[in-house]
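Next come the chains, spelled out residue by residue.
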Amino acid sequence: MGIPPPLKGIRIVDLTRVLAGPTCTMLLADLGADVIKVEEVSQGDDTRHWSPPSAPLIVDPPAETSHLPADSAYFLAANRNKRSMTVDLKTPEGLKIIQCLVERADVLVENFVPGKLATMGLGWDDCRKLNSRLVYASISGYGQHGPYSKSPGYDVIVEAEAGLMHMQVGNHVCEAGRPPCKVGVAATDIATGLYAHGAIMAALISRDKTGQGVWVDCNLFESQIAGLANIASNYLIAGKEASRHGTAHPTIVPYEVFECKDGFLMIGAGNNKQFGLLAEKILGNPEIANDTRFNTNASRVANREIIKKIITEVLMTQDREYWLRKFKGLGIPFGPINNIQQTFEHPQAVARGVVVEIEHPRSGKIKLVGPAVSYNGKKMPVTRPPPWLSQHTSEILTELGYSEEKIAEYRKKKIV
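Worth saying up front: this structure is predicted, and the values here are computed from it rather than measured.

Draft legend 1. Quick look at the sheet that holds strand β2 (residues 34-39). Spatial strand order, β3-β2-β1-β4-β5-β6: six strands in an open sheet with parallel pairing. Because the sheet does not close on itself, it has two edges, and the strands there are β3 (82-86) and β6 (214-219). For this sheet, the mean angle separating the axes of adjacent strands, direction not counted, is 20 degrees. Bridge analysis of strand β4 (residues 107-110) against strand β5 (residues 135-140) gives four bridges, and the strand direction is parallel.

Draft legend 2. Region of the structure containing the packing of helix α10 (residues 272-282) against helix α13 (residues 320-327). Where α10 meets α13, the closest approach of the two axes is 11 Å, and the angle between their N-to-C directions is 125 degrees. Between α10 and α13, the interaxial angle falls into the category oblique. For the pair α10 and α13, the crossing hand works out as right-handed. Only Trp323, Lys326 and Phe327 of α13 make contact with α10, whose side of the interface consists of Leu278, Lys281 and Ile282. Class assignment of the residues belonging to the contact of α10 with α13 gives a composition of four nonpolar, no polar and two charged.

Draft legend 3. Seen up close, the environment of Arg411. Within the fold, Arg411 resides in helix α17 (residues 404-412). Since its relative accessible area comes to 34%, Arg411 is described here as partly exposed. Sequence separation of Arg411 and Ala298 is 113 residues, and the distance between their C-alpha atoms is 68 Å. Dropping the residues within four chain positions of it, Arg411 is found in contact with Ser390, Thr393, Ser394 and Val416.

Cut-offs applied
Residues numbered from 1 in each chain as written. Predicted model: local features only at pLDDT ≥ 70, side-chain atom pairs only at ≥ 80, totals over all residues. Heavy atoms only, no water. Pairing = 2+ DSSP bridges. Helix = DSSP H or I, 4+ residues; strand = E, 2+ residues; numbered from the N terminus. Axes fitted to C-alpha atoms, helices over the stretch in contact; angles between N-to-C directions. Parallel < 35°, antiparallel > 145°, perpendicular 65-115°, else oblique. Left-handed = near helix turned anticlockwise from the far one by under 90°. Contact = heavy atoms within 4.5 Å. Nonpolar A, V, L, I, M, F, W, Y, C, P; charged D, E, K, R; others polar. Buried < 20%, exposed > 50% of the residue type's maximum accessible area, 1.4 Å probe, protein only.

Set out below in structure tokens:
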């Protein structure tokens, strides 16, 4: 079962750091691409040092890693299945190494501020002269042109600037005057990485048809605006501004978190049939489904606070486990608010094998979230643990034709 790695034989030069770019290249590496993560010589990817927590070190890690600190859990989350090399791009020798990689590569992915790589001789125009079939993917904060194009991109800033944070409030109590708050993970970075991953796949197909490379321009700002989905459409179609509803839905009621005796439940009765079941089976009051204040979704939206109070009063009479048993099998969307431990202990997470355990040469057995997609019932394997800094530098330089003596010289000069 499963499928052969569809990107086997595709070589990717990865000049990205932090999360959006590394997420993109990790997804491509999962599909079998040879991803060469090019890092700064002394420190590498910033996220290697975003700790605690970090993976523990074994008693006898490889001797050549004795000078390196433990890699952070953050770095390990976005860099499986890659090779790592270090190169000083500011030296002529380092530039030549990257140019040699570009000549042999199928894809280059970078997340420098627009225009920066061009000043170093590694812009799109420079690289396509070396390799006319290269797919060159630029991931930035705001795109390659426009008044903000030179601004650096940070997930939380774009989350604020592109509408997402405007809709978030700090808890489930919805008050128009409450201050906004960020999403709990870097959702804009992750979405941008997903967009970029798909765009690169499309560009590779285009190259197969035309024989020519493609410059892919992907950025956090437009990815986040695209992710506004129906909220953006509400504004564009009807001029309706978004408001803060916490966990609630602006146009469906009831569709939010409700408090019970010892915790919280998410309930989403999105149509009249589901609301009727909620009224009869949970609230014990089937008549309210015919009440003119609640018999259509529009009337429930207009009377949001009233129906919310009715539901909460009932749920507060019992604990969470009671209600989970009561809801099961009714056909009403519901779920508990799980913490991270409960998420990984969820029977579905266990059954689907969302966690992979791999052997790391510095940390022994570590657990990571594995690929999310199955092909013919099987997920792509994790064939490489996240690499230590510069783990594959000599290996890759040898593949490029550099001698042992030259590699040793470059290491001494900190070129690699």
